[in-house]
Amino acid sequence: MSNYVERFSTRERVLHWFVTAAFITLVLSGLGLYSRLFTGYFDFFGGGANAILFHKIAGVLFFASSLLLFFSHGKEVTTFDEDDREWLAGRGGYLSRDEAHFNCGKFNPGQKMFGIFIGVATLALGLTGIFIWAPLAFPRWLVQLSLLVHGLTFVLAVMFTVIHVYLATIGNPGTLEGMLYGYVRRIWARKHHPKWYREVE
Ligand code: HEM
């Protein structure tokens, strides 16, 4: 019996890394639009006008691919059961020194909430992005509200993504393998997602 078990298909992994590349492009090209402090980042794109062009293209690609990613695991991230409620009541074990034993399915509730947040944030960023893209075609108040919502959602998305990257790498060794190669160690699956492991066994 192999020591590994399949976690993500090639399609899921390509989609995830495509979303990540679009997200990084959006952050780098958008920071200078967010505050003058970051206009130095425009140099990555050969100036401000180019950065805006990159932001628009990456925005459309991120919108489409992120929604696809959401719908590819939509059912898993939007259903919470009794075991998830236990996980939430115990804060996932993150605030305790004791070894936590939770009966998690494919994704734990923290991951589910992150998945739902990214889905909602994608809609909010995409919708407000349309109003900011063609400001003269919409009422002034709508464009100004959109700038506020776009900026706030951006800050939250970056914060939660930094936490996501930490937990998917240094925080939980062995997790990244699944998104890189498609397979995780059985011992990892049994420890972090026992209910899912029993299902795929
Ligand atoms: C260098 C950056 C990133 C790394 C290293 C990374 C790593 C990972 C890994 C290893 C998983 C699988 C977790 C598991 O098997 O339990 C995962 C899942 C996921 N990632 Fe990322 N990721 C990155 C960036 C992003 C970005 C930018 C987004 C979206 C904006 C994103 C959205 C997701 C989603 C929605 C999932 C599904 C499970 C969940 O909700 O946590 N990731 N990521």
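See above for the structure.
What counts and how
- Residues numbered from 1 in each chain as written.
- Predicted model: local features only at pLDDT ≥ 70, side-chain atom pairs only at ≥ 80, totals over all residues.
- Helix = DSSP H or I, 4+ residues; strand = E, 2+ residues; numbered from the N terminus.
- Contact = placed C-beta atoms within 7 Å.
- Buried ≥ 20, exposed ≤ 12 C-beta atoms within 10 Å, placed from the backbone.
- Near = placed C-beta within 6 Å.
- Nonpolar A, V, L, I, M, F, W, Y, C, P; charged D, E, K, R; others polar.
- Expected span 1.5 Å × (residues − 1).
- Axes fitted to C-alpha atoms, helices over the stretch in contact; angles between N-to-C directions.
- Parallel < 35°, antiparallel > 145°, perpendicular 65-115°, else oblique.
- Left-handed = near helix turned anticlockwise from the far one by under 90°.

A. Molecular detail of the overall build of the protein. What the protein contains, in helices and strands, is nine helices and two strands. In the protein, the succession of helices and strands from N to C terminus is β-α-α-α-α-α-α-α-β-α-α. Along the longest, intermediate and shortest principal axes, the C-alpha atoms of the protein span 60 × 30 × 30 Å. For the protein, the share of sequence-separated contacts (at least 6 apart) that also reach a separation of at least 24 residues comes to 63%.

B. Seen up close, unusual backbone geometry. Of note in the backbone geometry, R91 takes a positive phi value of approximately 50° without being a glycine. As for its position among the elements, R91 is in the loop between α4 (82–89) and α5 (109–133). In this structure R91 comes out as exposed when scored by C-beta crowding, with 11 C-beta atoms within 10 Å.

C. Looking closely at the site of the ligand. What surrounds the ligand is a group of 22 residues, the closest being F23, Q111, G115, A168 and M179. Contributions of two or more residues to the shell around the ligand are made by α1 (10–34), α5, α6 (140–168) and α7 (175–181). Class assignment of the residues belonging to the shell around the ligand gives a composition of eleven nonpolar, ten polar and one charged.

D. Broad picture of helix α2 (residues 48–72). Along its 25 residues, α2 runs 35 Å from first to last C-alpha, staying within 8% of the 36 Å computed at 1.5 Å per residue. Of the positions making up α2, those classed as buried are A51, H55, A58, G59, F62, S65, S66 and L69. The inward-facing, buried residues of α2 abut α1 and α5.

E. Region of interest: the environment of F131. Residue position: F131 is located in helix α5. Exposure remark for F131: the 19 C-beta atoms within 10 Å place this residue in the partly exposed category. Taking the C-alpha atoms as reference, F131 lies 32 Å from R13; in sequence the two are 118 residues apart. Every residue in contact with F131, bar those within four places of it in the chain, is listed here: F138, L142, V143 and S146.

F. Fine view of the environment of R7. Examined against the element boundaries, R7 turns out to sit in the loop between β1 (4–6) and α1. Sequence separation between R7 and Y166 is 159 residues, and the spatial gap between their C-alpha atoms is 19 Å.

G. A look at the packing of α5 against α6. Running from amino to carboxyl end, α5 crosses α6 at an angle of 150°, the nearest separation of the two axes being 9 Å. Relative to α6, α5 is oriented roughly antiparallel. Crossing handedness for the pair α5 and α6: left-handed. Note on element contacts: α6 touches α5 through L142, V143, S146, L147, V149, H150, T153, F154, L156, A157, F160 and H164, opposite F114, F117, A121, A124, L125, T128, G129, F131 and I132. Class assignment for the residues of the contact of α5 with α6 results in 15 nonpolar, six polar and no charged.

H. The environment of V200, seen in detail. Relative to the helices and strands, V200 is located in helix α9 (residues 194–200). Counting along the chain gives 195 residues from V200 to V5, while the straight-line C-alpha distance between them is 8.1 Å.

I. Up close: the packing of α1 against α2. For the pair α1 and α2, the least separation of the axes is 8 Å and the interaxial angle reads 145°. The chirality of how α1 crosses α2 is left-handed. Of the residues assigned to the contact of α1 with α2, the class counts are 14 nonpolar, eleven polar and one charged.

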